[in-house]
Amino acid sequence: MGQRVATGAMLIVFLIILLYFGGVVMGVGAIVCLCFAMQEEYHALAVAGHRPVAWPTWLGMVLAVPLVALYGSEMIVPLLGGVCLLTMICVVFRDEPRLEDAVLSVLPLFTVVLPGMCIVALAQVQPKALQVVLLSLVFAIPVLGDTMAFFVGSRVRGPKLCPAVSPNKTISGAVAGLVGSLVAAAAVGVVSLIFCDQATLAQLPTWWQYALLGLVGGVAGQMGDLFASLVKRHCGIKDFSNLFPGHGGMLDRLDSIVFTAIIVYSYRVILLASI
């Protein structure tokens, strides 16, 4: 437990540094972390006996930061489409093309690259205070939700949430996780009220939007965790790697965050479209 807490504290300090600098630094830092996560997922799929085509997705990841930084989030769809097309061409023209290889080749594209591009796009938001609030929601909602789910679920126990995928997760833990996610969203909102100026406050979520982000983001984070468990169960592994002592690999730490990133980014896009 002590090793787990120490590693968690180190990761939080790293996150605070990225949030402080924001912008390109945040985008590059996120992409570096997500590259580790993507490598872990491709390795797991290879261990399971699949032959995924990885280089188009790697190319998309490398191009994500400069394209989104220069041309905005409008580049997300063309980039994803281009990577999918290249991947399908590579698989179809193999000597022994298999449908499962085509599908699994793009799995990291939608579970790692797409969320990564959402984080990069949020890191370009101005003013800086609004950027920090939105990115804080991306991380605080799933992290506090995971923490609450772990401590409450391990003590209260009770009926299993999804035993076919993750035998250790309980309904009590899932409920506690949602409460934690709601508290995290509310806490970010309260802190923003204290430190943001009036111009920034006018662009921030309302109280019910914070609650909605906490609830939907919390559900998305838990689904990300369960989906990662499904991938690991399919591949016959316990953790994606041992990169972080007591925590597993990078994807083990990011599995809930990446799904929440899509929710927060979608909120931002919908809000802009309604103005």
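None of these values were measured; they are calculated from a predicted model. (Residues numbered from 1 in each chain as written. Predicted model: local features only at pLDDT ≥ 70, side-chain atom pairs only at ≥ 80, totals over all residues. Heavy atoms only, no water.)

Caption draft 1: Structural view of the packing of aromatic side chains. In this structure the tally under the stated criterion is three aromatic pairs. The interplanar angle of 85° and the centroid separation of 5.2 Å between the aromatic rings of tyrosine 20 and phenylalanine 21 together place this pair among those described as edge-to-face. Residue tyrosine 20 is classed as exposed on the basis of its relative accessible area, which comes to 60%. For the ring pair phenylalanine 227 and phenylalanine 259, a centre distance of 6.4 Å and an interplane angle of 40° mean the geometry is tilted. Residue phenylalanine 227 is found in helix α10 (residues 207-235), and its partner phenylalanine 259 is found in helix α11 (residues 250-274); the two are separated by 32 residues along the sequence. Here phenylalanine 259 falls in the partly exposed class, since its relative accessible area comes to 24%. (Phe/Tyr/Trp six-rings, centres within 6.5 Å; stacked < 30°, edge-to-face > 60°. Buried < 20%, exposed > 50% of the residue type's maximum accessible area, 1.4 Å probe, protein only. Helix = DSSP H or I, 4+ residues; strand = E, 2+ residues; numbered from the N terminus.)

Caption draft 2: Looking closely at the side chain of aspartate 225. Positionally, aspartate 225 belongs in helix α10. Apart from residues no more than four positions distant in its own chain, aspartate 225 is found in contact with Asp146, Lys169, Asp255 and Ser256. (Contact = heavy atoms within 4.5 Å.)

Caption draft 3: Representation of the state of the cysteines within the structure. Inspection of the entire model under this criterion finds zero disulfides. Of all cysteine sulfurs, the one in cysteine 33 lies closest to cysteine 35, which takes part in no disulfide; the gap is 9.2 Å. (Disulfide = S-S within 2.5 Å.)

Caption draft 4: Local environment of helix α8 (residues 171-195). In this model, α8 (25 residues) spans 36 Å end to end at C-alpha, consistent with the 36 Å of a helix rising 1.5 Å per residue. Buried within α8 we find Ser172, Gly173, Ala174, Ala176, Gly177, Gly180, Ser181, Ala184, Ala185, Val188, Gly189 and Ser192. In the core, the buried residues of α8 are packed alongside α7 (128-156), β1 (160-162), β2 (166-170), α9 (198-201) and α10. (Expected span 1.5 Å × (residues − 1).)

Caption draft 5: Expanded view of the nonpolar core. Counting residues in hydrophobic clusters, the biggest one holds 65 residues, and the most contacted among them are Met26, Met117, Leu122, Leu137 and Leu254. It is helix α6 (residues 107-122) that provides the largest number of residues to this core, a total of eleven residues. (Core = buried A, V, L, I, M, F, W, Y, C linked by side-chain atoms within 4.5 Å.)

Caption draft 6: Examining the pattern of salt bridges more closely. All chains considered together, the criterion is met by six salt bridges. Where arginine 94 meets aspartate 101, a salt bridge forms, and the shortest distance between an N and an O atom there is 3.5 Å. For arginine 94, a relative accessible area of 19% gives the class buried. Residues aspartate 101 and arginine 98 are paired through a salt bridge, measuring 3.1 Å at the closest nitrogen-oxygen approach. On the basis of relative accessible area, aspartate 101 is assigned to the buried category, the value being 0%. Residue classification places arginine 98 among the partly exposed residues on the basis of a relative accessible area of 33%. Ionic contacts of the salt-bridge type, sharing partners, join the residues Arg94, Arg98, Glu100 and Asp101 into one network. (Salt bridge = Lys/Arg side-chain N within 4 Å of Asp/Glu carboxyl O.)

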